[in-house]
Amino acid sequence: MKHGSTQAAGIAYGAAAGAFWGVAFLGPAMVADFVSLQLAVSRYLIFGAVSAALILPRWSGIAGRLGRSDCITLAWLGLVGNTLYYVLMGSAVQLGGIATTSLVIGFLPVAVTIAGSSAKGAVPISRLAPSLLLCSAGALCIGLQALVLPSPRSFMQQGAGLFCAIGALISWTSYAIGNSRALARLKHVSAHEWNLLTGVATGLQGLALIPFVAFINTGHDAMAWTRFAAVSVGVAMLASIVGNALWNRMSRLLPLTLAGQMILFETLSALIYGLVWEKRLPTTLEATAFCFVVLSVATCVHAHRMPSAATTRA
């Protein structure tokens with residue numbers, strides 16, 4: 001496959017992954033009367049069960065290709081990229097709101113791109129500066145939107161939500177870097193198999209957390225639990241199964257600096273879904289943020305297409 005078509009395919013996979021991942025932001029808002037840990041555990045128990053069922057027929061062939069270090073990597077990625085990240089992100093949405101959470105999570109492309117800039121063959125930060133500035137401007141607009149609108153939340157709630165969102169940012173940045181490096185190293189495991197293995201590892205973590213969830217006294221009625229179950233299944237299937245599979249395919253087609261920019265599609269999708277959920281049009285600040293995000297991705301793609309971007313460092 002030619003470089004241009006490979007990059008185009010990678011961008012398409014990244015955009016699709018972002019569209020499916022954006023659903024995860026709606027989950028905590030749709031079941032705000034449940035604790036984020038409950039949603040995380042139920043989501044990843046479903047993800048783990050589906051992953052185990054799909055990987056079982058090929059397990060005998062995969063098991064021999066995995067070493068002890070690979071199993072440790074899977075457990076780590078399942079924790080920072082799934083369990084811990086979603087608990088923190090869900091708490092951020094419920095405490096500080098989707099706007100504040102989107103502001104912080106919107107910096108993921110900046111964090112991942114900076115972290116990946118030291119990799120061999122990566123595009124220099126100086127060439128990515130316009131994209132990073134546009135991304136930052138878009139995130140700033142989202143933050144101003146959160147400050148302009150009156151909020152029923154207390155200062156302590158806003159502060160706790162911001163703290164959780166920053167934790168989610170750090171958690172998922174670690175996942176994005178570690179997952180990309182693992183896929184590059186494990187040539188004997190396909191992206192789909194790696195996604196399923198990560199799902200199994202995360203599902204085992206969900207099982208371990210059941211005793212903690214069991215002590216949470218919610219007192220919800222049958223209708224609330226039915227809604228919670230539907231949201232959990234929907235988020236697990238769309239975000240975890242489909243979204244992760246698309247992201248892993250993208251990770252093998254794009255360099256980490258460009259892959260980091262693809263996370264912007266998750267931010268865009270989450271904002272669009274949020275507007276639909278709230279049944280309103282975007283404000284001026286939100287529309288401006290959309291433009292900045294799109295321009296950020298476009299300039300990053302352009303930087304990777306420039307001749308000097310293809311050269312490797314000594």
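Here the structure is a predicted model, which is why all the values come from computation and not from measurement.

Enquirer: Would you mind showing me how to read the overall build of the protein chain here?
Expert: Broken down by element type, the protein chain carries 14 helices and 0 strands. Traced from its N-terminal end to its C-terminal end, the protein chain shows the element sequence α-α-α-α-α-α-α-α-α-α-α-α-α-α. Here the protein chain, with 314 residues, has 50% of them falling under the buried criterion. Counting only contacts in the protein chain whose residues sit at least 6 apart along the sequence, the fraction spanning at least 24 positions is 89%. Carbon and sulfur atoms make up 73% of the accessible area of the protein chain, which totals about 14,100 Å².

Enquirer: What is the right way to read the environment of leucine 37 from this model?
Expert: Tracing the backbone through its elements, the reader meets leucine 37 in helix 3 (residues 36-55). Residues leucine 37 and isoleucine 216, spaced 179 residues apart in sequence, show a C-alpha to C-alpha distance of 9.6 Å. Ignoring any residue separated from it by four or fewer positions in sequence, one finds leucine 37 in contact with Val87, Leu209, Val213 and Ile216.

Enquirer: Sorry, what's going on with the pattern of salt bridges here?
Expert: Counting across every chain of the model gives 3 salt bridges. A salt bridge links arginine 185 to aspartate 70, with the shortest nitrogen-to-oxygen separation between them at 3.7 Å. Residue arginine 185 is found in helix 9 (residues 155-185), and its partner aspartate 70 is found in helix 5 (residues 68-96); the two are separated by 115 residues along the sequence. Taking the relative accessible area as the measure of exposure, arginine 185 reaches 46% and is therefore partly exposed. For aspartate 70, a relative accessible area of 7% corresponds to the buried category.

Enquirer: Please clarify how empty space enclosed by the protein should be interpreted in this entry.
Expert: Which parts of space are left empty comes out when a probe the size of a water molecule is rolled across the atoms. Counting across every chain of the model gives 2 cavities of 30 Å³ or more. Estimated volume of the largest cavity: approximately 110 Å³. Every residue lining the largest cavity is counted, 14 residues in all, and those nearest its centre are Trp21, Arg43, Gly81, Tyr85 and Trp172. Taken together, the elements giving at least two residues each to the lining of the largest cavity come down to helix 3, helix 5, helix 9 and helix 11 (222-251). Considering each element in turn, the lining of the largest cavity owes the most residues, 5 residues, to helix 5. Grouping the constituent residues of the lining of the largest cavity by class yields 9 nonpolar, 3 polar and 2 charged.

Enquirer: Looking at this structure, I do not really get a nonpolar patch on the surface. What am I missing?
Expert: Nonpolar side chains collect at one region of the surface, where Trp76, Leu79 and Leu84 lie side by side and expose about 270 Å² of accessible area between them. Within the fold, tryptophan 76 resides in helix 5. Take tryptophan 76: its relative accessible area is 46%, and that puts it in the partly exposed class.

Enquirer: What am I meant to see in the environment of alanine 52 here?
Expert: Looking at the element boundaries, alanine 52 is found in helix 3. As a C-alpha pair, alanine 52 and threonine 198 span 146 residues in sequence and 10.0 Å in three-dimensional space.

Enquirer: Would you take a moment to explain the side chain of threonine 267 for this structure?
Expert: With respect to the helices and strands, the residue threonine 267 is situated in helix 13 (residues 264-278). On the basis of relative accessibility, which here comes to 4%, the residue threonine 267 falls in the buried class. Those residues within four positions of threonine 267 in sequence are excluded, and the remaining contacts are Ser102, Ile105, Gly106 and Ile142.

Enquirer: When you look at the side chain of threonine 198 in this model, what are you seeing that I'm missing?
Expert: As for its position among the elements, threonine 198 is in helix 10 (residues 191-214). Given a relative accessible area of 3%, threonine 198 falls into the buried group. Among residues more than four places away in sequence, those in contact with threonine 198 are Leu74, Gly78 and Asn82.

Enquirer: Hey, could you run me through the packing of aromatic side chains in this one?
Expert: For any pair of aromatic rings, the description rests on two quantities: the centre-to-centre distance and the angle between the ring planes. One pass over the structure, following the stated rule, counts 10 aromatic pairs. Each ring, one from phenylalanine 34 and one from phenylalanine 228, has its centre 4.4 Å from the other, and the planes form 25°; the classification is stacked. In this pair, phenylalanine 34 sits in the loop between helix 2 (23-30) and helix 3 while phenylalanine 228 sits in helix 11, placing the two residues 194 residues apart along the sequence. Of the residues examined, phenylalanine 34 reaches a relative accessible area of 2% and is grouped as buried. The exposure class of phenylalanine 228 is buried, given its relative accessible area of 7%. Aromatic side chains tryptophan 172 and tryptophan 247 sit 5.6 Å apart centroid to centroid with 75° between the ring planes, which places their arrangement in the edge-to-face category. Taken together, the positions of tryptophan 172 in helix 9 and tryptophan 247 in helix 11 put the pair 75 residues apart, joining distant regions of the chain.

Enquirer: Would you mind going over the nonpolar core with me for this structure?
Expert: Nonpolar side chains in soluble globular proteins tend to end up buried together. In this structure, Tyr86, Met89, Trp172, Trp194, Leu197, Trp247 and Met262 are the most contacted members of the largest nonpolar core, which totals 82 residues. With 10 residues, helix 5 is the largest single contributor of residues to this core. If we skip the residues at most four places from it in the chain, tryptophan 172 touches Trp21, Val80, Gly81, Tyr85, Leu108, Trp247 and Ile263.

Procedures and definitions
- Residues numbered from 1 in each chain as written.
- Predicted model: local features only at pLDDT ≥ 70, side-chain atom pairs only at ≥ 80, totals over all residues.
- Heavy atoms only, no water.
- Helix = DSSP H or I, 4+ residues; strand = E, 2+ residues; numbered from the N terminus.
- Buried < 20%, exposed > 50% of the residue type's maximum accessible area, 1.4 Å probe, protein only.
- Contact = heavy atoms within 4.5 Å.
- Areas by Shrake-Rupley, 256 points an atom, 1.4 Å probe, with all protein chains shown as cover.
- Salt bridge = Lys/Arg side-chain N within 4 Å of Asp/Glu carboxyl O.
- 1 Å grid on protein atoms, 1.4 Å probe; cavity = no way out; pocket = protein on both sides within 12 Å on 5 of 7 lines; lining within 4 Å.
- Points joined across faces, edges and corners; volume = space filled by probe spheres on them.
- Nonpolar A, V, L, I, M, F, W, Y, C, P; charged D, E, K, R; others polar.
- Patch = residues over 30% accessible without salt bridge, like charges linked within 9 Å, V, L, I, M, F, W, Y side chains within 5 Å.
- Phe/Tyr/Trp six-rings, centres within 6.5 Å; stacked < 30°, edge-to-face > 60°.
- Core = buried A, V, L, I, M, F, W, Y, C linked by side-chain atoms within 4.5 Å.

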